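Below are the chains, spelled out letter by letter.
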Amino acid sequence: MVAKQIRDEITAEVLKMKEAIGVVPGLAVILVGDRKDSVTYVRNKKKACESVGINSFEVRLPEDSTEQEVIKFISKFNNDPSVHGILVQLPLPSHMDEQNVLNAVDIEKDVDGFHPLNIGRLAMRGRDPLFVPCTPKGCIELLHRYAVEIKGKRAVVIGRSNIVGMPAALLLQREDATVSIVHSRTKNPEEIIKHADIIISAVGQPNMVRGSWLKPGAVVIDVGINPVEDANSPRGYKLVGDVCYEEACKVASAVTPVPGGVGPMTIAMLLSNTLSSAKRTHNFQ
Ligand SMILES: Nc1nc2c(c(=O)[nH]1)N[C@@H](CN(C=O)c1ccc(C(=O)N[C@@H](CCC(=O)O)C(=O)O)cc1)CN2
Ligand SMILES: [Mg+2]
């Protein structure tokens with residue numbers, strides 16, 4: 001599995017850095033509230049850090065915290081030399097302005113790549129961001145690792161969120177694909193999707209993309225993580241993607257599974273961004 005391969009590569013590089021200059025990369029994670037999914041993802045991130053030798057620091061704050069209370073911890077980590085990456089687990093409680101909080105993260109520690117300057121640089125030709133958001137970065141890495149040609153291909157991104165759809169479309173364009181973004185206001189999205197060589201779906205609608213919508217041989221990356229009721233599962237629900245996996249597998253040349261596809265890549269890219277930050281901070285190659 002690609003995510004495991006990447007984690008193994010990171011483990012070796014973390015050890016090399018520690019032995020060469022005595023520095024261990026550090027990731028600080030701030031979790032506000034107790035959404036079950038966010039608690040799971042933060043736990044996965046902590047476990048992943050431990051598995052590759054990256055130090056992790058976690059702050060859990062109550063749901064009714066103020067923006068200023070969160071920003072106080074961000075500032076603390078901004079100034080902590082043992083912390084090379086900072087993330088605030090999203091979504092934040094609805095009383096907070098997410099972007100206001102995210103803007104407080106030092107751009108050089110913004111390992112989620114959500115800072116406006118990182119997104120702005122991603123959008124600008126001739127500029128490179130310090131960090132690319134983890135899920136879109138993981139989607140492109142999967143295409144690279146499986147030698148999927150992007151240049152000159154027609155790509156469709158389903159969804160236009162700040163953390164997945166929009167940066168994914170920018171990344172595909174930077175790799176010379178011709179990109180369309182379909183979203184909730186797009187009429188007859190299947191009329192656009194049927195021409196796509198590459199599809200990245202991040203819309204949060206379980207089993208929305210049907211096999212009949214797909215161009216034979218298309219490559220489909222399913223970012224959706226949608227819980228649906230399932231009496232046979234111990235948790236009482238199972239996770240499905242945005243794409244009808246069984247139908248898509250009959251038409252597409254490749255389809256990422258949910259779970260076990262993009263999710264682990266998101267975590268692997270977070271580890272990669274944290275390692276890169278530590279290397280940049282300490283001028284270590
Ligand atoms: N600060 C951030 N918040 C959020 C991000 C993000 O990149 N930065 N992305 C998503 C959630 N996410 C990371 O936080 C994430 C989602 C899913 C997984 C994952 O490993 N999924 C597994 C299944 C996990 C399960 O059993 O429930 C899989 O798909 O195989 C990792 C990270 C929103 N918030
Ligand atoms: Mg600085």
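Residues numbered from 1 in each chain as written. Chains lettered and ligands numbered in written order. Predicted model: local features only at pLDDT ≥ 70, side-chain atom pairs only at ≥ 80, totals over all residues. Heavy atoms only, no water.

Looking at an unreviewed UniProt entry, the protein chain carries the name Methenyltetrahydrofolate cyclohydrolase, with the source organism given as Populus deltoides. UniProt's Sequence similarities (unreviewed entry) comment on the protein chain is quoted here verbatim: "Belongs to the tetrahydrofolate dehydrogenase/cyclohydrolase family." Its UniProt record, at the heading Subunit (unreviewed entry), says of the protein chain: "Homodimer." (UniProt positions renumbered as here; feature names shortened; annotations may be inferred.)

Student: So what exactly am I meant to see when it comes to the site of ligand 1 here?
Tutor: Around ligand 1, 18 residues are found, and the nearest of them are Lys45, Val88, Gln89, Asp112 and Gly260. One nitrogen or oxygen atom from the side chain of lysine 45 is found 2.8 Å from an oxygen atom belonging to ligand 1. At a separation of 3.0 Å, a nitrogen atom of ligand 1 approaches a polar backbone atom of leucine 90. Taken by itself ligand 1 offers 680 Å² of open surface, and the protein chains cover 85% of this. Of all the secondary structure elements, the ones that give two or more residues to the shell around ligand 1 are helix 2 (36-52), strand 3 (85-88) and helix 10 (262-281). The biggest single contributor to the shell around ligand 1 is helix 2, with four residues. Broken down by class, the residue content of the shell around ligand 1 amounts to ten nonpolar, five polar and three charged. When residues of the shell around ligand 1 are assigned to domains, at least three fall in each of domain 1 (15-107) and domain 2 (134-263). (Near = heavy atom within 4 Å. Polar contact = N/O pair within 3.5 Å; in protein donor to acceptor, adjacent residues only side chain to side chain. Areas by Shrake-Rupley, 256 points an atom, 1.4 Å probe, with all protein chains shown as cover. Helix = DSSP H or I, 4+ residues; strand = E, 2+ residues; numbered from the N terminus. Nonpolar A, V, L, I, M, F, W, Y, C, P; charged D, E, K, R; others polar. Domains from an automatic or database assignment.)

Student: How do you make sense of the packing of helix 2 against helix 10 when you look at a structure like this?
Tutor: A pair of packed helices is captured by two measures, namely the crossing angle of their axes and the spacing between those axes. Following both chains from N to C, one finds helix 2 and helix 10 inclined at 55°, their axes separated by 10 Å at the closest point. Here helix 10 runs oblique to helix 2, going by the angle between their axes. Our pair here, helix 2 against helix 10, has a crossing hand that is right-handed. For the pair helix 2 and helix 10, the contacting residues are Tyr41, Asn44, Lys45, Ala48, Cys49 and Val52 in the first and Ile267, Leu270 and Leu271 in the second. Here the residues of the contact of helix 2 with helix 10 are counted per class, giving seven nonpolar, one polar and one charged. (Axes fitted to C-alpha atoms, helices over the stretch in contact; angles between N-to-C directions. Parallel < 35°, antiparallel > 145°, perpendicular 65-115°, else oblique. Left-handed = near helix turned anticlockwise from the far one by under 90°. Contact = heavy atoms within 4.5 Å.)

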